[in-house]
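# Chain and residue survey
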Amino acid sequence: MKWFEGNVADAIASSQSKRCLFIVFATDDGSESLSMLESWDDEAVSDITSQCVALKIVSDSASYSQFTQIYPISTLPTSYFISPLTGGALDTITGVVGADELSQRLTASLEKMTDGSAAMAASSATAGAGAPAATVAVTSPPVAAATAAAASANGDTAGSSSTQQLTKEEKIAKAQELIAAKRREKMEQDKQLNLDSEKARRAAGKQTQEFKMRQEQRAAADRTKEWRREQREAFEAKEEIKRKIAEDRAARQRSKEGAMASAASSSASASASASTAAVAPRPSALPSGIARIQFRMPNGSSVTEDFPSSAQLGTARQFVAENICAKWPSAFILQTSYPRQELTTEVDDQTLQELDLAPRAALLVLPANAFKSSRGGGGGSGSPTAVSSAVSAMWKLLMIPLLLLQAIWQWINNSGSPSAATPSGGASAAGRSAASPTYDMPSASASPASQSDAAGAAGSRDRRRDPQTGSSFGMSQEGRINRFKPDDGHDDDDMGTWNGNSTQQQ
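The rules we used
- Residues numbered from 1 in each chain as written.
- Predicted model: local features only at pLDDT ≥ 70, side-chain atom pairs only at ≥ 80, totals over all residues.
- Heavy atoms only, no water.
- Helix = DSSP H or I, 4+ residues; strand = E, 2+ residues; numbered from the N terminus.
- Buried < 20%, exposed > 50% of the residue type's maximum accessible area, 1.4 Å probe, protein only.
- Contact = heavy atoms within 4.5 Å.
- Areas by Shrake-Rupley, 256 points an atom, 1.4 Å probe, with all protein chains shown as cover.
- Phe/Tyr/Trp six-rings, centres within 6.5 Å; stacked < 30°, edge-to-face > 60°.
- Pairing = 2+ DSSP bridges.
- Axes fitted to C-alpha atoms, helices over the stretch in contact; angles between N-to-C directions.
- pLDDT = per-residue confidence, 0-100.
- Arc of directions from axis to C-beta.
- Core = buried A, V, L, I, M, F, W, Y, C linked by side-chain atoms within 4.5 Å.

### As for the overall build of the protein chain
Counting its regular elements, the protein chain contains 12 helices and 14 strands. The buried share of the protein chain, reckoned over its 506 residues, is 24%. Residue pairs at least 24 apart in sequence account for 60% of intrachain contacts in the protein chain once pairs closer than 6 positions are excluded. Summed over its atoms, the accessible surface of the protein chain is roughly 33,700 Å², and 56% of this surface lies on carbon and sulfur atoms.

### Some thoughts on the packing of aromatic side chains
Using the criterion set out here, one finds 10 aromatic pairs in the structure. Relative to Phe25, the ring of Trp3 lies with its centre 5.8 Å away and its plane at 20°, an arrangement referred to as stacked. One end of the pair, Trp3, is in the segment before helix H1 (8–18); the other, Phe25, is in strand E1 (residues 22–27), with 22 residues separating them in the sequence. Each member of the pair, Trp3 as well as Phe25, carries the same accessibility label: buried. Geometrically, the ring pair formed by Phe67 and Tyr71 is stacked, given 5.0 Å between the ring centres and 25° between the ring planes. A residue is classified by how much of its surface remains accessible, and Phe67, at 3% relative accessible area, is buried. With a relative accessible area of 16%, Tyr71 lands in the buried category.

### Topic: the sheet that holds strand E8 (residues 341–343)
With respect to topology, 5 strands assemble into an open sheet ordered E6-E5-E9-E7-E8, the strand pairing being mixed. The two strands at the open ends of the sheet, each matched to only one other strand, are strand E6 (302–308) and E8. Here the strands of the sheet are splayed against their neighbours by 35° on average, with no regard to which way each runs. Examined bridge by bridge, strand E5 (residues 290–296) and E6 share 7 bridges and lie antiparallel to one another. Opposite Ile290, over in E6, you have Pro308 as the bridge partner.

### Section: the confidence of the model for the protein chain
Looking at the protein chain, the pLDDT average stands at 74 and 66% of residues meet or exceed 70. In this model, residues 417–461 is a region of pLDDT below 50 whose contacts with residues beyond four sequence positions or in other chains number 50 contacts.

### Regarding H1
Among all positions of H1, only Val8, Ala11, Ser14 and Ser15 are buried. The buried residues of H1 occupy one face: seen down the axis, they fall within an arc of 130°. Those residues of H1 that are buried lie in contact with E1, strand E2 (53–58) and helix H4 (62–68). Following H1 by one or two positions, Arg19 adopts a phi angle in the positive range, close to 50°.

### Focus on the side chain of Gln207
When you line up the elements, Gln207 lands in helix H6 (residues 155–279). Residue Gln207 is classed as buried on the basis of its relative accessible area of 15%. When sequence neighbours within four positions are dropped, the list of residues in contact with Gln207 reads Thr92, Ile93, Thr94 and Arg105.

### Focus: the nonpolar core
Residues Phe295, Leu313, Val320, Leu357 and Val365 are the most contacted members of the largest nonpolar core, which totals 22 residues. Beyond its immediate chain neighbours, meaning those up to four positions away, Phe295 contacts Ser301, Ser302, Val303, Glu305, Phe307, Ala316, Phe319, Val320, Ile324, Leu363 and Val365. Listed in part, the 17 residues of the second largest apolar core include Val45, Phe81, Leu102 and Met113.

Here it is, written out as C-alpha cells:
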C-alpha cells in the first residue's frame, strides 16, 4: 500500500486536482491497528487504491488533530472514504475488517463517486442549456412584436414567422421539461445520498458499539485471566506454606524421637546402674548409738556433729564453746528448735538420749544477753506474763489513794471556795491551774472500780472559771462523755422539750 507523504491539506489538494477518491486511515500502536494495516497492505486492495490518494495519520499527531476537527473519530482504527467533489464521507470503517470486505467497500465507494461525478456533469450541462433558453425567452417578445407588424403587410411572411415562433416555444418547453426532470433527479439523488449517509452512520454506530463490546469482552477476559492467575498464585503459596509446615513438623518429630531415644537410653543406663546399686548392700543411714546434732547460728549458718547417744549434754556444750563460740564476746545458750526450750547448765549431766536429742536433733546457739533482753531483762526464771500481771496488781493498789485524793479535790472545787487550801504537794498543780483552766478527767490507768464510781456520778456538774476571759462555764459528765457549757443559769437541753419527730422545741 502506497501512502501519501504530506499533510492533510496537501492530500486534499492532490485529490481534488486528480478528481480521485480521498482515503484517510487513522491508526495507533494497538494490535487492531496492526491487523487493519495488514488488510490495507493486501495486493487486491493496493490495486484498487492505486488511483486514489491514501493518507495515513497516527494518533497524537498534528495531522490527526486537524482531521478530527472536521471528521470525528471515536475509535481506532478508522478508515474514511471521502469524495473529492463534495467533501462528504462516502463510507466509514471502524475497527478491523478483512481484505475482501475492504475491497468490496472500496469498490462501492468508487462507484458512488462516479455516479456523483456524472450527476454533477448533467447538472452543469442543464445549467448551460438553461441560459440560452432564458435568453430566448427573454428575447421572444420583441421577435413576436416584429412578426406581428410584418404580418399585416405580407401574410406569407407572417405564416412563416408564426411557424418559426412555435418551434422556438416548443424548444423552450422542452428545455423547461429537461430542467424539471434534472431537478427531480437531483432531488432523488440527494434523498438517496441522505439515506446512504444515514445507513452509513447507523452502520458506523453499530460497528462502534460492537467494537466497544469486543473491548469490554477482552477486558473481562483479561480480568478473568488475572483473577485466575492470582488464584493460582495464592493456591501455590498456600501449598508452599503447607509443605513447609509439614517439613517443620517432620523435623520436630524427628528431633522429638531422637530426644526420646536418648532419654530412653539414659533411663535404661540409669535403671541398670540403679539395679546394680540395689543389688549391692545398702549401708545404714546412721549407725546405732549415734546422735547427730545440728547447731544453728543466728546468721543462718550451721555445724553438724555426731556424738554418742550416751554422751551428756555438757559434752555438746563444750564442743560449741571450743569450736563455734570461741570468739564470741559473751556467753551463749542452747535452745531446742521446736518446741522452743532452753537447755540450761542444770541438765548438762543428762544424756542426749534422755533429752530426746538422738538420733537426730537441731539446737539453736544464741547469745545469752539477747535471750535476756527478749525475756524483758533480769535473770529470774519467771515468765514475762507473770511479771506484767504482778506490776498491774501493784499499780491498782497504788491507784486507790490517788483516787481518794482526786475525789477530795473535786469536793473542794464543787464547794465554790476558790481560796480553799490545796493538799500538800499540790502547790505546783495550783500554779498550773492559775495559768490555764484544768479539766479533771478520769485517768486512763484507773482501775475499773474507780471508773465505775466516776460513771455513777452521771449528771454531776463541775464549774470552772477562765482566768483570761472571766467567764464561767460548767462541765457535765454523763458516763464517759464530758460536755462543756457556758454558765448562763440554765441548760437548753434541760429546758427544751422534744416532739414526736425527734426535733427539739425551745
